[in-house]
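Coordinates in review
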Amino acid sequence: MRTSTRRSHRLMALAAVAALTTGVLAGCSSDSDGTSSNASDSGKGKTTLTVGTFGVFGYKQAGLYDAYMKLHPNITIKEDVTTRTDVYWPKVLTRLQAGAGTDDIQAIEVGNITEAVQTQADKFVDLGKDVDKSQWLPWKNAQATTKDGKQIGLGTDTGPMAICYRKDLFKKAGLPTDRTQLANLWKGDWAKYADVGKDYMKKAPKGTKFVDSASSVYNAAIGGESQRYYDKDGNVIWDKSTGVKAAWNAAMTVATSNMSAKLKQFDPTWDQGFANASFATVACPAWMMGYIQEKAGDSGKGNWDVAAAPTAANWGGSFLGVPTASKHQAEAVALAKWLTAPEQQEKVFAKQASFPSTPAAYPNLKPAAATTAYFSNAPITQIFSDSAKTIPVQTFGIKDQPIGTAITDVGILQVEQKGKTPAQGWSAATKEIKDVLGQ
Amino acid sequence: MTTSELTAPQDAVPVREVRAPRRRVMGAGKQMHAGPLTYVVLIVFALVSLAPLVWTAIAASRNNQRLAETPPPLWFGANLFKNLQTAWDQAGMGTAMFNSTIVAGSITIGTVLFSTLAGFAFAKLKFRFSSTLLLLTIGTMMIPPQLAVVPLYLWMADLHWSNHLQTVILPTLVSAFGTFFMRQYLVQALPTELIEAARVDGASSLRVVWHVVFPAARPAMAVLGLLTFVMAWNDFLWPIIALNQQNPTVQVALNSLGTGYIPDQSVIMAGALLGTLPLLIAFLLFGKQIVGGIMQGAVKG
Amino acid sequence: MSSSKQALAHPAPGSGAAPGDKPGAARGAGGRGTPAPGPSSWRSRLYRWDMKAAPYAFISPFFIIFGAFGLIPLLYTGWYSLHNVQLSSLDHKSWAGLDNYRNLLSSDFFWNALKNTFTIGLISTVPQLLMAIGIAHLLNYRLRGSTVWRVVMLTPYATSVAAATLVFTLLYSWDGGMVNWLLGFVGVDPVNWRESTWGSQFAVSSIVIWRWTGYNALIYLAAMQAIPGDLYESAAIDGANRWQQFRHVTIPQLRPTILFTVVISTIGATQLFGEPLLFGGVSGSKGGSEHQYQTLGLYMYDQGWIIGNLGKASAIAWSMFLILLIVAAINLLFTRRLRKSQ
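What counts, and where the lines are drawn
Residues numbered from 1 in each chain as written. Chains lettered and ligands numbered in written order. Predicted model: local features only at pLDDT ≥ 70, side-chain atom pairs only at ≥ 80, totals over all residues. Heavy atoms only, no water. Domains from an automatic or database assignment. Contact = heavy atoms within 4.5 Å. Buried area = accessible area lost by both parts, 1.4 Å probe. Salt bridge = Lys/Arg side-chain N within 4 Å of Asp/Glu carboxyl O. Polar contact = N/O pair within 3.5 Å; in protein donor to acceptor, adjacent residues only side chain to side chain. Helix = DSSP H or I, 4+ residues; strand = E, 2+ residues; numbered from the N terminus. Nonpolar A, V, L, I, M, F, W, Y, C, P; charged D, E, K, R; others polar. Patch = residues over 30% accessible without salt bridge, like charges linked within 9 Å, V, L, I, M, F, W, Y side chains within 5 Å. Areas by Shrake-Rupley, 256 points an atom, 1.4 Å probe, with all protein chains shown as cover. Lys, Arg positive; Asp, Glu negative; His and termini not counted. Charge placed at Lys NZ, Arg CZ, Asp CG, Glu CD. Buried < 20%, exposed > 50% of the residue type's maximum accessible area, 1.4 Å probe, protein only.

Glancing now at the domain arrangement of chain A. All names here are of chain A. Examined at the domain level, chain A breaks down into domain 1 (8-158 + 316-372) and domain 2 (159-314 + 382-437). Each of domain 1 and domain 2 was reduced to a C-alpha centroid, and the two centroids are 31 Å apart. In this assembly, 19 residues from domain 1 lie in contact with 19 residues from domain 2. Taking both sides of the interface into account, the surface hidden between domain 1 and domain 2 amounts to around 1,700 Å²; carbon and sulfur atoms contribute 60%. Three residues, Thr114, Trp139 and Phe355, lead the burial of domain 1 against domain 2; their summed loss comes to 29% of the area buried on that side. At the junction of domain 1 and domain 2, the tally comes to zero salt bridges. Counting across the domain 1 and domain 2 interface gives three residue pairs in polar contact (both at pLDDT 80 or more). Every element with two or more residues in the side of domain 1 that touches domain 2 is listed here: α4 (110-119), α5 (138-143) and α15 (369-374). Ranked by residues supplied to the side of domain 1 that touches domain 2, first place goes to α4 with six residues. In terms of residue class, the side of domain 1 that touches domain 2 is built from seven nonpolar, nine polar and three charged.

Next up, the structure:
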């Protein structure tokens, strides 16, 4: 028995050493495999391009990669997806600064574009050179352009806002259900939208609230303001900003009343809120419509409708940039231009309602029949394209996103969920923003 | 084999009565049978431990819409295989599983091997600066490692190792945790007399390691191997920075699920389930090793 | 004396792969390290060299590999902590000296995170280790299907973070979560687990305990397996019942491992960030609207990764290291004074 244990020990140990050696060698040998984006030529004149995106692009699902590969047989496209932006962006930042490991095309979200423009512009190719800039909405181009006129990103989708609401709940609460009427009720001012909320709560059906959260109202409102947290010279002006004041006041009306369902967006509980019809309205960008359809399910069919939002606002949207570290700049630039061209943006819209940033596509947009029926045959394309065309040019700053989060996740949340006064919420947000800015 | 030296000095019991029970394998209550209360406690513990994993399987067998409803589903639906298939294809799990096996396997073997060697040295060998070096080793664990990924990546990029598996294997090939763990275990479980006996027979240090240390350390090596394998398999923060989807580990690959504006939670859960299954297999393999070492009749007392 | 040692020495002659070891020689010499004349003097020199060098050889893999891949990045974060540097512009560092640390000392957020780390650490670590020893003791019995129980123990540690997140979010949700539903039966109002101070800390601690108890139990189990049975027998013969055996045999034998788990758990509790981040869900790095469950680790993650203040985040990281040093120093002083008083 002892001998056999010893032998089996020896065998195990030999196997272990063999495995360890194989492991390290295998790791090293993937070097010559050509799987890294640094060695993407597999001979025979074929070029492999890697496209780095985060969760929300539908290029693969819309068949864009296959279509491009058919048009260009010498090009292979591989997608490198990281679902969450808050994991994707630090990774891209690190890789850009290391000068190695970036994909040939990197997507940049609107929340990060200003940081990219102000700190990483030298690491991206100037895409504005041989492209017809008028293809895109002007405010979209502006977001990705440096002070010297270098454009580091081409616009992909945008997030023009509307108000998605539940007709059946409105009816029960004695409110008008016609979308044009509603749009006029709250036109021009998110505070008016909150006033409609007060009316709703007077006769609200049991167990329902008017809106999902105060933060969503804030985000929608600030998305339509030209003055946000920074001025044109890059100074932080958040506490004096007219845009912030307007958005904050609208949010406070919601937070200090009982009209909010106090949910956190994209939390599982928010999903349940859709399924249970816990709230009657939500400020919805175009891309949220598919989400609502899925989460609210069959019980919502024909009960949801879309009305124009109080102001033309934008929430979300991205860009495609080409890092200078790419070994195939020319091909990558060509692919980026193609992916963001109006025809391709139409196809993505057809697949997942990502609203294009190229106005030329608007007349041709056809939402899925199921979506139109789901939202009571609302003129979806009209509503969103009207909004998209009139969104003002906004001034962004480098810490825009953390400042916004400080306001919503600290200031507004304290008032909404912990019963603090607006003044207390404001001072909490002030303190938080000071910490964000490292002061 | 005389037994008188092997029993405690105050023992006045005649030899024959003590011999039989000692034949049993080591361990506290191993000679005792577990009462019903033990099983009750263990069952409760097992239910609480397993519940989230079971729920993952339940969620993976449903569709996205059902998962949003209240109350959440508490029993299985019909979509399990469809979702598993979707998750496998979407995430490219074939390559990812292969990579993760290599990565976690190498890290486990390296960690267990080097930790046992170092742990043994710190536990039983006398050499200069041993206390200082031990404290230094423990000290390295006290610095949070999360931010170090940035300079580490910069360096890996300099070495042109970005997106290759060795970036994920080499930094974790040794472990202060493992070294400290093996040291404490060997202090308790490896009687110095055994080592001395082997030395008397002229064994070199390597032979002592092979014939005395490894057998004595086997339960601890199994536990360390298990814990290391799980940690390496589930490691996320560094692999997501160091690798991309062309050469991913399982956790990196799973992070590509749920794309599109409507992440399909049921597919994400199916992916999570796929990612956990190899671990359960590893458990069954390693778990058998966590038995008493071959310390029968060891010198003690 | 020699007979038992001879019994153990038996394996030596049997093994064929021994590097040039003649069984008779050293044993015949009648003692360790006594050099015999002739060919053995070379061997004895080798032996002495082996005794001196082997320890260093054994610990060198750790120090070499760690030195190469672990130490330098860690020191680099220390370097960052002395500068004003952003994640997006690593090249544009400006020297700040100890300013980052000074700012932390006067920062409410830092002290809040420290306080939370301490309270969550206490609530989650103490019950966890106690339960772990208990479970390990139970697992040490002769059980039916013992492997299955051991596998089950480690499943929380192996369960993916995504799955655990979903489960615990649904469990602790304010409206309709299972915990609030159960509390409703005993007449307690629904608790806003994420936003209440003690509620969120309790919830986070429960996730930590769920995740790590089995882990520590396995570590204790391995150590328990190495306790010689005769110690228990002699205790039993002296009339000790099971509890007394546990107290007087198991625990003392387990002391090195208990020390290990206490050290590791203290370090883990100080650096805790995964579970609170998971509990917060989407954008959970703030640890609640009033940072009620933001630990030091979470604060560091938020500052470094989400906001991009890398210099400040690195200072938080190294302050955690300093805190642990202080804890270790206090511990050392304490035990030294205890030992002196005995």
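All names here are of chain C. A cluster of basic residues, Arg336, Arg337, Arg339 and Lys340, forms a positive patch at the surface. Within the secondary structure, Arg337 is located in helix α16 (residues 310-341). Residue classification places Arg337 among the exposed positions, given a relative accessible area of 63%.

Here we take up the side chain of Ser89(C). In this structure, Ser89(C) sits in strand β2 (residues 89-95). With a relative accessible area of 15%, Ser89(C) lands in the buried category. Look past the residues within four positions of Ser89(C) in its chain and what remains in contact with it is Gln97(A) and Thr119(A).

Taken together, the 118 residues of chain B in the interface contact 105 residues of chain C. Summed over both sides, the interface between chain B and chain C buries roughly 10,500 Å², with carbon and sulfur atoms accounting for 75% of that surface. Here chain B is connected to chain C by one salt bridge. The partner of Arg199(B) in a salt bridge is Asp50(C), with the nearest N and O atoms 3.9 Å apart. Along the contact surface separating chain B from chain C lie ten residue pairs in polar contact (both at pLDDT 80 or more). For the side of chain B that touches chain C, the leading source of residues is helix α2 (residues 36-60) of chain B, giving 14 residues. Broken down by class, the residue content of the side of chain B that touches chain C amounts to 80 nonpolar, 26 polar and twelve charged.

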